[in-house]
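The lines below spell out each chain.
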Amino acid sequence: MINLTQAKPASYAEIRKLKTIASYQFSSPIADCLFPPNEKFFIQYSITTNKIRNILDHNLRLFLVLRAQDYLFSLTEISGQIIKKCSDKPKFRFVVLNDISQFIKEGRNVFCKFVLESDESIRAGDEVLVVNEDDELLAIGRARVSGEEVKHYKRGIAVIVKREVKDE
C-alpha cells in the first residue's frame, strides 16, 4: 500500500497542472468540467516519491487518481459522472446492452459482443465509461481494444472493469 500525506488544499498551480493533464487525456472542455474555476480540491502526495497521487473533491471524496506509471488519471464514479454529463454519447464510452447492466454493475468485465456503440477515438489502454443504452453509468474501466476494433470483434474482452457504480 502506498503511504500518502494528509489531504491539503490544492494550490492554483497544482490545479492548473491537473487541468493540463486532463486536457491532454480527455479534452479541454472536459478538463474545464472536471476542474471548474470556483471548486475547491484537495491533494494527497506519495510520501516516498513526493508526487501527486489522489485528488479529492470538496467533501474529501476520492475524485481522481494520478497513476504513477504514466501520470494519467484513473477515474472514479464521481469524475465518471462529470465526464458523462459534459460529453455526448458515445464520447469516452462503450455502450452495452441494457440486458447485461446488472452484471457490469457487479464488476464483471465487458465483452466485445455486448458492445452496441463506442467512441472511435478510444485507444486500447484508455480509461473509459461503460454505459447502457439509456446512458446510465455502469462502470469505469480500461479499454482492451480500440473503439474501432470493438465493432469488428465478436469474442474477447472489450473493457476490464476497474470500478463499478453502486446503486444508491
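Enquirer: Tell me about the sheet that holds strand β7 (residues 110-111), and name the residues and values.
Expert: Read across the sheet, 6 strands follow the order β7-β11-β10-β9-β6-β8 without closing on themselves; strand pairing throughout is mixed. Looking at strand neighbours, the two that pair on one side only are β7 and β8 (115-118), the edges of this open sheet. Sheet analysis places β7 next to strand β11 (residues 157-164), joined by 2 bridges and oriented antiparallel. By the bridge assignment, Val110 is partnered in β11 with Val159. Sheet contacts for helix α3 (residues 77-86): β6 (93-96), β9 (127-132) and β10 (137-143); angle to β10, the most-contacted strand, approximately 100°.

Enquirer: Just give me the short version of the sheet that holds strand β1 (residues 8-9), but keep the residues and values in it.
Expert: Strands pair in a sheet through their backbones, by hydrogen bonds, and they do so in one of two ways: parallel or antiparallel. Strand order in the open sheet formed by 5 strands is β1-β2-β3-β4-β5, and the pairing between neighbours is antiparallel. The strands lining the two open edges of the sheet, one partner per strand, are β1 and β5 (73-75). As paired elements, β1 and strand β2 (residues 42-45) share 2 bridges and run antiparallel to each other. Looking at the pairing, Pro9 lines up with Phe42 of β2. Lying over the sheet, helix α1 (residues 12-25) contacts β1, β2, β3 (52-56), β4 (62-66) and β5, oriented at roughly 75° with respect to β5. Contacts from α3 reach β4 and β5 within the one sheet, and its direction differs from that of β4 by about 95°.

Enquirer: Break down the environment of Ile160 for me, citing the residues and quoting the values.
Expert: Here Ile160 lies in strand β11. Counting along the chain gives 124 residues from Ile160 to Pro36, while the straight-line C-alpha distance between them is 29 Å. With near-sequence residues (within four places) excluded, Ile160 lies in contact with Asn109, Gly141, Arg142 and Arg144.

Enquirer: I'd like a description of the nonpolar core, backed by residues and values.
Expert: Note that soluble globular proteins tend to have their nonpolar side chains buried in a common cluster. Ranked by internal contacts, the top residues of the largest apolar core, which has 29 residues, are Leu18, Leu34, Phe35, Ile55, Phe63, Phe73 and Ile83. The greatest single-element share of this core, amounting to 4 residues, is contributed by α1. Beyond its immediate sequence surroundings of up to four residues, Ile83 is in contact with Phe26, Ile30, Leu34, Leu75, Phe92 and Leu129. In this structure, Phe94, Ile104, Val128 and Val159 belong to the second largest nonpolar core, which totals 18 residues.

How each quantity is defined
- Residues numbered from 1 in each chain as written.
- Predicted model: local features only at pLDDT ≥ 70, side-chain atom pairs only at ≥ 80, totals over all residues.
- Heavy atoms only, no water.
- Pairing = 2+ DSSP bridges.
- Helix = DSSP H or I, 4+ residues; strand = E, 2+ residues; numbered from the N terminus.
- Contact = heavy atoms within 4.5 Å.
- Axes fitted to C-alpha atoms, helices over the stretch in contact; angles between N-to-C directions.
- Core = buried A, V, L, I, M, F, W, Y, C linked by side-chain atoms within 4.5 Å.
- Buried < 20%, exposed > 50% of the residue type's maximum accessible area, 1.4 Å probe, protein only.

Any functional reading would require information beyond the geometric quantities listed.
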